Amino acid sequence: MQNDLLIRALQRQPVERTPIWVMRQAGRYLPEYRKVRAQAGDFMTLCQTPELACEVTLQPIDRFDLDAAILFSDILTVPDAMGCELAFKTGEGPVFNHPVTCAEDIAQLPTEGVTERLTYVFDAVRTIKKALADRVPLIGFAGSPWTVATYMVEGGSSKQFTKIKKLMYQAPESLHALLDKLAINTAAYLTAQIEAGVDVVMLFDTWGGVLSTQNYHAFSLHYMKKVFAHIPRDYAGKVIPRIAFTKGGNQWLELMADMECDALGLDWKSSLKDARERVGDKVALQGNLDPGVLYADPETIADHVRKTLVEYGDYPGHIFNLGHGIFPDIPPEHVQALVAAVREGV
Ligand code: 1CP
């Protein structure tokens, strides 16, 4: 690997400078992405065409010289392959044609043959790895079982999580059955991504933060642990580092640090210094600039970057990132300013 800063930082080894990548780095804020997206027609076609998925994965690497690429795909491909049938309707976000509504629906969900229906993802991984030619590591990913379950039960995005909370309090054993199936399929899916060539894996638990502490333990953390327990620690002679990110999970960092993972993603509400003190040297930390900072002018962005680096301090094990995905209306020049400031350091 020509640039292995990310791999070393994830393992808390010394690095010459802090590596940076950006959550949702391939996406609508880039004009070159919008062009390929229009050419593909719809989002799923983009994900399912390895050459196009490869092209958009490399766009931010070519433009900003970031320290990692992330597979262009989505966390909702797994429930799509389980039969829920995903559609992206313009202006509405993701919608499932067959949401999970009752115990019978859950009983019918498959735990066999799911990765076979995701071959397009593994083809994309192989195509991307070839195109990257070992410039930077490739991050593979999946949603946490809890986060993916929210979309399956709600039928799409949600603000109140009414349906899944009803299920949680009226029929908890049904929700556990769903999460268990998702954990099995997610582990098989990430294992296949590793076999296809990804260098790092990340679990996105975007909605873990809507749970009570007790329920975070029972319905989210427990199943992330199960996923990590069933994927290989190393492959083809290389360690495959693991990152776990619960948005809104600041209060549970100590619990998360006890998972079999190498790094925790932090949202912008956590303090890196406080997080480091709480988790000790158990894990690396990834984050955590407020994505809103990128609305500021380039000098102000650089100021915030320096503050973040100073706050983290001299410990090994920091990967610079935003605290959540980049907004679609951020000017690409502001990302350039962000990357330049991280490279310059303090
Ligand atoms: O119109 C478009 O082009 C679609 C927008 C889009 C993109 C660019 C969606 C639909 N997904 C993606 C790609 C994507 N999604 C990536 C890969 C690229 C990268 O990071 O550069 C990744 C890692 C995701 C992961 C993802 N999808 C998450 C977890 C991360 C997070 O941001 O919290 C979630 C929650 C989703 C669901 C999803 N997919 C797409 C949308 C609009 C949403 C969110 C809907 C909602 O808010 O509930």
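Here the structure is a predicted model, which is why all the values come from computation and not from measurement.

### Topic: the overall build of the chain
- In terms of helices and strands, the chain carries 15 helices and eleven strands.
- The C-alpha atoms of the chain give a radius of gyration of 19 Å, which matches the 20 Å a tight globule of 346 residues would have.
- Its C-alpha atoms put the chain at 55 × 45 × 40 Å along the principal axes.
- By the burial criterion, 58% of the 346 residues in the chain qualify as buried.
- Long-range pairs, those at least 24 residues apart, make up 71% of the contacts in the chain between residues at least 6 apart in sequence.
- On the chain, roughly 14,100 Å² of surface is accessible, and the fraction owed to carbon and sulfur atoms is 50%.
- Between the averaged position of the 34 positive side-chain charges in the chain and that of its 43 negative side-chain charges there is a distance of 1 Å.

### Examining the site of the ligand
- The full set close to the ligand counts 21 residues, and Tyr 33, Asp 74, Tyr 151, Ser 157 and His 324 are the nearest of them.
- Within the backbone of Arg 24, one N or O atom sits 3.0 Å away from an oxygen atom of the ligand.
- Separating an oxygen atom of the ligand from a side-chain N or O atom of Thr 206 is a distance of 2.7 Å.
- Protein contacts shield 87% of the accessible area of the ligand, which totals 900 Å² for the unbound molecule.
- With respect to the detected pockets, the ligand is housed in the largest pocket.
- Of the residues contributing to the shell around the ligand, the split by class is twelve nonpolar, five polar and four charged.

### A closer look at the layout of surface pockets
- Approximately 1,500 Å³ is the volume found for the largest pocket.
- Along its surface, the largest pocket is lined by 44 residues, and Arg 24, Arg 28, Phe 43, Asp 74 and Phe 88 are the ones closest to its centre.
- Elements with a contribution of two residues or more to the lining of the largest pocket: helix 2 (31-40), strand 2 (86-89) and strand 3 (93-96).
- The element contributing the most residues to the lining of the largest pocket is helix 2, with three residues.
- For the lining of the largest pocket, the class distribution of residues is 22 nonpolar, twelve polar and ten charged.
- Size it by volume and the second largest pocket reaches roughly 350 Å³.
- If you go around the second largest pocket, you meet 20 residues; those closest to its centre are Thr 18, Leu 309, Gly 313, Asp 314 and Tyr 315.
- Mapped onto the lining of the second largest pocket, the elements with two or more residues apiece are helix 14 (298-312) and helix 15 (332-344).
- Of the residues assigned to the lining of the second largest pocket, the class counts are ten nonpolar, five polar and five charged.

### Examining the confidence of the model for the chain
- On average, the chain scores 97 in pLDDT, and the residues at 70 or more come to 100%.
- Within the chain, no element has a lower average pLDDT than strand 2, which sits at 91, and none a higher one than strand 4 (residues 138-143), at 99.

### With respect to the environment of Leu 30
- With respect to the helices and strands, Leu 30 occurs in the loop between helix 1 (5-10) and helix 2.
- A C-alpha to C-alpha distance of 8.4 Å links Leu 30 and Gln 59, two positions 29 residues apart in sequence.
- When residues no more than four places from it in sequence are discounted, the contact partners of Leu 30 are Gln 25, Gln 59, Pro 60, Arg 63, Phe 64 and Pro 332.

Thresholds applied
- Residues numbered from 1 in each chain as written.
- Predicted model: local features only at pLDDT ≥ 70, side-chain atom pairs only at ≥ 80, totals over all residues.
- Heavy atoms only, no water.
- Helix = DSSP H or I, 4+ residues; strand = E, 2+ residues; numbered from the N terminus.
- Rg over C-alpha atoms; globule rule 2.2 N^0.38 Å.
- Buried < 20%, exposed > 50% of the residue type's maximum accessible area, 1.4 Å probe, protein only.
- Contact = heavy atoms within 4.5 Å.
- Areas by Shrake-Rupley, 256 points an atom, 1.4 Å probe, with all protein chains shown as cover.
- Lys, Arg positive; Asp, Glu negative; His and termini not counted.
- Charge placed at Lys NZ, Arg CZ, Asp CG, Glu CD.
- Near = heavy atom within 4 Å.
- Polar contact = N/O pair within 3.5 Å; in protein donor to acceptor, adjacent residues only side chain to side chain.
- 1 Å grid on protein atoms, 1.4 Å probe; cavity = no way out; pocket = protein on both sides within 12 Å on 5 of 7 lines; lining within 4 Å.
- Sits in = over half its atoms within 2 Å of the grid points.
- Nonpolar A, V, L, I, M, F, W, Y, C, P; charged D, E, K, R; others polar.
- Points joined across faces, edges and corners; volume = space filled by probe spheres on them.
- pLDDT = per-residue confidence, 0-100.

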